[in-house]
Amino acid sequence: MSDHDSFMAHLPPDASTTVLVVGAGPSGLMLACNLVRYGIPVVILDDRPDKTSTGKADGMQPKTIETFKQLRLADPLLCNGVRVYDISFWESTENTPLHRKGRQIHYPDHLVGAADPYILLAHQGMIEQVLIEDIEARGVRVTRNSRFVSCSRSPEGNQLIVTYEDLSTRTEKTISAEYLVGCDGARSKVRDFIPDAKLEGEMTNASWGVLDGVIDTDFPDLWSKVAVRSHSVGSILWIPRERNMTRLYVELSSTEVERVDKTKATPEYAMALARKAMAPFRLEWKSIEWFGNYVVGQRVASHFNDKEMQIFIAGDAGHCHSALAAQGANTSMHDSFNLAWKLNLVCRGLAKKSLLATYEEERRKIAMDLIRFDAEHCNAFEQGEAALAKNFDDNIRFISGVGAEYSKGLLTKLQSDKPSVGALRPGALLVPAKVTRYIDANPVDIQLDIPMLGQFRIYVLVPDILSMKNFLDAFFDRLKDPKSVLGRVSALAQQSFNEKPRGKAASDEYVQPQRYTTVSHLFTLSLVTKSWKSDFELSDLPDVMQQSRWTMYLDDADEKPCTDNWVGKLDSDQAAIINVRPDGYVGSLSLWREKEGDRAADWVEEYYCSFLI
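Note that the structure is a prediction, hence the values are computed from the model and not measured. (Residues numbered from 1 in each chain as written. Predicted model: local features only at pLDDT ≥ 70, side-chain atom pairs only at ≥ 80, totals over all residues. Heavy atoms only, no water.)

Asker: Just to check I follow, could you spell out the environment of Tyr 510 for this structure?
Answerer: Following the sequence through the fold, Tyr 510 ends up in helix α13 (residues 508–511). Note on Tyr 510: relative accessible area 76%, which makes it exposed. (Helix = DSSP H or I, 4+ residues; strand = E, 2+ residues; numbered from the N terminus. Buried < 20%, exposed > 50% of the residue type's maximum accessible area, 1.4 Å probe, protein only.)

Asker: Please explain the environment of Val 580 as it appears in this structure.
Answerer: Along the chain, Val 580 turns up in strand β24 (residues 574–580). Once the C-alpha coordinates of Val 580 and Arg 457 are considered, the two residues, 123 residues apart in sequence, prove to be 5.0 Å apart. Ignoring any residue separated from it by four or fewer positions in sequence, one finds Val 580 in contact with Leu 430, Phe 456, Arg 457, Tyr 459, Tyr 585 and Gly 587. (Contact = heavy atoms within 4.5 Å.)

Asker: How do you make sense of helix α6 (residues 267–278) when you look at a structure like this?
Answerer: Helical geometry note: an α-helix holds 3.6 residues per turn, so side chains three or four residues apart project in the same direction. Between its first and last C-alpha, α6 extends 16 Å over 12 residues, near the 16 Å set by a 1.5 Å rise per residue. Taken together, the buried positions of α6 are occupied by Ala 270, Met 271, Leu 273, Ala 274, Ala 277 and Met 278. An end-on view of α6 places all buried positions within 165° of arc, on one side of the element. α6 presents Glu 268 and Lys 276 as exposed residues on the side facing more than 90 degrees away from its buried surface. On its buried face, α6 is in contact with β12 (199–217), β13 (225–230), β14 (234–240), β15 (246–253) and β16 (283–301). (Expected span 1.5 Å × (residues − 1). Arc of directions from axis to C-beta.)

Asker: I would appreciate a short explanation of empty space enclosed by the protein in the present structure.
Answerer: Remark: the empty space left among the atoms is shown by a probe the size of a water molecule rolled over them. The full count for this structure, using the stated rule, is 7 cavities of 30 Å³ or more. The computed volume of the largest cavity comes to approximately 190 Å³. Around the largest cavity, the lining comprises 19 residues; the ones closest to its centre are Lys 63, His 334, Arg 363, Gly 401 and Ala 404. In terms of residue count, helix α7 (residues 328–347) provides more of the lining of the largest cavity than any other element does, 5 residues in total. Of the residues that constitute the lining of the largest cavity, the class distribution is 7 nonpolar, 9 polar and 3 charged. Considering only enclosed or pocket space, the second largest cavity measures out at about 50 Å³ in volume. (1 Å grid on protein atoms, 1.4 Å probe; cavity = no way out; pocket = protein on both sides within 12 Å on 5 of 7 lines; lining within 4 Å. Points joined across faces, edges and corners; volume = space filled by probe spheres on them. Nonpolar A, V, L, I, M, F, W, Y, C, P; charged D, E, K, R; others polar.)

Asker: Sorry if this is basic, but what is going on with unusual backbone geometry here?
Answerer: Both trends apply: most residues other than glycine have a negative phi, and most peptide bonds are in trans. For the bond from Ala 279 to Pro 280, the omega torsion is 15°, close enough to zero to count as cis. For Pro 280, the location among the structural elements is in the loop between α6 and β16. One non-glycine residue, Asn 244, lies in the positive phi region at around 65°. As for its placement among the helices and strands, Asn 244 is situated in the loop between β14 and β15. Accessibility expressed as a relative area gives 49% for Asn 244, which makes it partly exposed. Its identity is not glycine, yet Ala 441 carries a phi of approximately 65°, on the positive side. Relative to the helices and strands, Ala 441 resides in the loop between β19 (434–437) and β20 (443–445).

Okay, here's the thing in structure tokens:
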């Protein structure tokens, strides 16, 4: 019996689940991976017999690398992928042969500040495999050869009845679910069941051929990312790939001319254009692993979910654009990363259903930002090196993923009347910083150290522990009070996770997740101080911080202290409090004085009571 047949045996006609995911590409697998880890029942349907074998998406941006590190899934990709740190620009004109016009660092630190300042190149199947292995290690498999057909509501209206076709037996089956998420690409069938959720935007005449293969060439920048502008042919983008391969994006037709005939969209035609553009350099292929063709369009769905907030779309189902800036899989996976923790809290009865409305608000905003950037980026390719270099500089934070930011909303509060002057701001990601973990003296990246368990993080930054003892006692005493918002919802979370525990894998033994759930399954408390380790003991701290010993950090590990970087220099009688969402985005932050512990607790509670039960 095949894996598919074995798994299908566990899906009878009246099967049910909490979340049904359609599509096992990067977006669908990222969603399922997180939900399975959170302990939410998931079924994943995919119409393909197996994962992607070659080609398709290939570039992981710095923010996506960070996300995989937070999930403890980055190592295989970092080991086998190719890292690209720079980009060079080449050009030919009617009067000058092909020559290098310039070279620059891809992600300059002063513009981006990413902990991993490179693109990681690994074909889509490698990314899928990492996520599939993690899902399977927790007891869930992708249901293959299963094509989504339709969706309807149960007579009671609280369940969705999904019909799908088992392609191996040509029979239709049904499964009920509380939520349906379409991660099924630009031609999404799930999108059809969200009223008025059509893709809106422009299709262009620009057509590109994409070749993955092993190249034989004397071109000197083979192992850099290269943008080529040829006066006779058009544009070419070179990208190094894993296993000694190179990907070439070859412009088959531009926006200004008639779209290339589909019969010409072949590997041979793309190779002929590339050879002409790269003359006088030699360009031959030892092998070709994959060829694709796409027509550039910039379109965004008018809605990412239905009014009842039971049907959602993510990834290419919600936004389409060019592949030139390696944004597709990255943006798609972060759609899912955003949705997963919100579904977890609502499914567990820990958050109001209004929390799910923030998914469309936040991710459609990012999609619109992406479409605007993509149109400018494609135009810059047409205009040549100077325009393209400027486009990179103007948009490099967004390209990296670090600059994908959310507007003011339910989860993102503007700075209070006590704002900071540091790099952190609500709606943006935590800025990378080095600290020393108190308990074992290990230097760590603070934005990576706490594993992704679906928890909020509450960081308290104090320059001096002893000077702020009254503040810390008052603040943490309030948070642990069973009658407080955090106390009540933590009790509900404890009951929920007792009944429906997180999905476990053998690899969790190396993460030790229980270190981060000692106080609450919903919140991790963290204290960061500039005090010397010899100045205090854990026993000097409030009991909830004694329980949170693995998230007690000394701010002494870098030339630029974490505190100064995040919120600016604090006085000895000041504290900064930062509420960080489960996806790593800052929700709110504020500064407080030594006697304001109770007021700071009120401020924290006000943030969480707006969306938690």
